[in-house]
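# Observations on the three-dimensional arrangement
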Amino acid sequence: MVNNNKFPIGIFDSGVGGTSIWKEINTLLPQENTIYLSDSKNAPYGEKSKQDIINLSIKNTEFLLAQNCKIIIVACNTATTNAIKVLRKKYNIPFIGIEPAIKTAALHTKTNKIGILATKGTLNSELFEKTAHTINQKIIRKEIIGKGLVELIEGGKLHSKEMTSLLSTYINPLIEDNVDCLVLGCTHYPYLIPQIRKLVGNKIQIIDSGEAVAKQTKNILEKHKLINSCKEKSFHQFFINKEKNVLEILMTSKDENLKITEKEF
Ligand code: DGL
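Below, the structure is looked at part by part. (Residues numbered from 1 in each chain as written. Predicted model: local features only at pLDDT ≥ 70, side-chain atom pairs only at ≥ 80, totals over all residues. Heavy atoms only, no water.)

## Looking at the environment of I171
Which entries qualify depends on this criterion: Secondary structure follows DSSP: runs of H or I at least 4 residues long count as helices, runs of E at least 2 residues long count as strands, and numbering of each begins at the N terminus. Any two residues whose heavy atoms approach within 4.5 Å at even a single point are treated as in contact.
Mapped onto the elements of the fold, I171 is located in helix α8 (residues 161-176). Separated by 11 residues in the primary sequence, I171 and L182 place their C-alpha atoms 9.2 Å from one another. With near-sequence residues (within four places) excluded, I171 lies in contact with L117, L182, I196, L199 and V200.

Structure follows, in structure tokens:
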């Protein structure tokens, strides 16, 4: 009988940002093999139509299924909020998605003002709208489209002057508005936390969903009896359809079982 438990966890994102989720998953589930797909050629997804995001998510899923993935993590808020419903209907495999953690922010805010930094595709999605209606309606949501941030990260300009000035145009108005919780609604943005922290000091709590996604992945693997209990060292394959240097910089791993490959898909 084939042992499905050894099959990899498949993870995809519009680009390199989903590696922030991969790191949480690898920390919580170090024994799991993984395959990560960075669709950097098509990034950003956030400015695309819902149908385009669905088509790209299907393409990424088919690639991961062809590699025998036992579960798929949609490590992209934009793809989750626009396409996960279609994916779950179309494929008979568990999917884990990621959404901006506005419910957590709603529980923590004291000023009743929360900021949400996310892509246009996420903020305009039906799923986001639906979740936003479930939180206390007294809470004021300051929604900011982080236009340009994903492009700078994908372009290797994480620590550039352009990034600093773009970030301050998005973050400073939130400080002035007395926001006390900032939700990072895009998996690229956790890489910006040190820079955001410099701008907001201790005035604003920064909230992202990475750890919650890793916990949810563990729960679902347990539920489906898919945890890999094999003692062999886990293997991690990363595929990217553009130059791999930005991905290599973000991963900075010396693990010989971690391989990054440029590939057309
Ligand atoms: N990491 C993706 C997300 O979480 C970025 C979306 C984009 O490519 O615009 O939304």
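Let us keep going from here.
## Describing the nonpolar core
Across soluble globular proteins, nonpolar side chains show a tendency to be buried alongside one another. Stated precisely, the cut-off is as follows: Here, the term nonpolar core denotes a set of buried Ala, Val, Leu, Ile, Met, Phe, Trp, Tyr and Cys residues that are joined through side-chain atoms within 4.5 Å. Burial classes: relative accessible area under 20% of the type maximum marks a residue as buried, over 50% as exposed, and values in between as partly exposed (1.4 Å probe, protein chains only).
With 49 residues, the main nonpolar core has L192 and I196 as its most contacted residues. The element that contributes the greatest number of residues to this core is α8, accounting for 5 residues. The residues contacting I196, other than those within four sequence positions of it, are L167, I171, L182, L184 and I206.

## Comments concerning the sheet that holds strand β8 (residues 205-207)
Rules: A pair of strands is labelled paired if DSSP reports no fewer than 2 bridges between them. Whenever a helix is involved, its axis is fitted only over the stretch in contact; in every case the axis is a line through C-alpha atoms, and angles between N-to-C directions fall within 0 to 180 degrees.
On the basis of which strands lie adjacent, the open sheet formed by 4 strands has the order β6-β5-β7-β8 and parallel pairing. Two strands bound the open sheet, and with one partner strand each, they are β6 (140-145) and β8. Here the strands of the sheet are splayed against their neighbours by 20 degrees on average, with no regard to which way each runs. In this structure, strand β5 (residues 113-118) lies alongside β6, joined through 6 bridges in parallel fashion.

## Overview of the pattern of salt bridges
Note the cut-off: The salt bridge definition used is simple: a Lys or Arg side-chain nitrogen within 4 Å of an Asp or Glu carboxyl oxygen.
Per the counting criterion, the structure on display carries 13 salt bridges. E32 is the partner of K70 in a salt bridge, and the nearest nitrogen-oxygen pair spans 2.6 Å. Here K70 is found in the loop between α2 (50-66) and β3 (71-74), whereas its partner E32 is found in the loop between α1 (19-28) and β2 (34-38), with 38 residues between them in sequence. Across the pair, exposure class does not vary: K70 and E32 are buried alike. A salt bridge links E264 to K41, with the shortest nitrogen-to-oxygen separation between them at 3.2 Å. Taken as a pair, E264 in the segment after β10 (258-262) and K41 in the loop between β2 and α2 lie far apart in primary sequence, 223 residues in all. You can call E264 exposed: its relative accessible area is 61%. Residue class for K41 comes out partly exposed when judged on its relative accessible area of 41%.

Function-wise, these values are silent; they only describe arrangement.
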